[in-house]
Amino acid sequence: MLSMNDNKIPADIRRKKLRFRAWHRGMKEMDIILGNFADKRLDQYQDEQLDVFEALLHIPDQVFYSMLVHGAEIPPEVNGPIFQDIFQFAKDPLGSP
């Protein structure tokens, strides 16, 4: 599957599409976590970081939620700075800048 960046979509439109995807995942808990995260963080991200965020959106909701909330094992290929930022945000969304 091509990423949105492969289509050379302008960054502002790409961020809007990623926000939409973050808010409309299917599992309400993940909609809330990733949607709020996207609203607060995506404007700060450059193309490479948007690529990583987009790749994380391909993780199934139940798996992602288990890693964030239930302490399921985090695969090394997922456990990077963006995932850790989401993990910290999920633990304390109001305290996150």
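Here, the structure is the one placed above.
In this report, the structure presented in the accompanying data block is examined. (Residues numbered from 1 in each chain as written. Predicted model: local features only at pLDDT ≥ 70, side-chain atom pairs only at ≥ 80, totals over all residues. Heavy atoms only, no water.)

### Section: the pattern of salt bridges
- Across all of its chains, the model carries seven salt bridges by this definition.
- Arginine 14 serves as the salt-bridge partner of glutamate 54, at 2.9 Å between the closest nitrogen and oxygen. Taken together, the residues span a long stretch of sequence, with glutamate 54 in helix H3 (residues 47-56) and arginine 14 in helix H1 (residues 11-23) at a distance of 40 residues.
- Given the relative accessible area of 3%, glutamate 54 is considered buried.
- Between arginine 19 and aspartate 43 there is a salt bridge, with its nearest N and O atoms 2.8 Å apart. Of this pair, arginine 19 sits in helix H1 while aspartate 43 sits in the loop between helix H2 (28-41) and H3, and the two are 24 residues apart along the sequence. (Salt bridge = Lys/Arg side-chain N within 4 Å of Asp/Glu carboxyl O. Helix = DSSP H or I, 4+ residues; strand = E, 2+ residues; numbered from the N terminus. Buried < 20%, exposed > 50% of the residue type's maximum accessible area, 1.4 Å probe, protein only.)

### So, the packing of aromatic side chains
- Scanning all chains against the criterion turns up five aromatic pairs.
- Measuring from centroid to centroid gives 5.9 Å for phenylalanine 37 and phenylalanine 53, while their planes differ by 25 degrees, and the two rings are stacked. Note that phenylalanine 37 is positioned in helix H2 and phenylalanine 53 in helix H3, a separation of 16 residues in sequence. Of the two residues, phenylalanine 37 and phenylalanine 53, both sit in the buried class.
- These aromatic residues form a ring-pair network of at least three members: Phe37, Tyr45, Phe53 and Phe89. (Phe/Tyr/Trp six-rings, centres within 6.5 Å; stacked < 30°, edge-to-face > 60°.)

No statement about biological role is implied by the geometric values presented.
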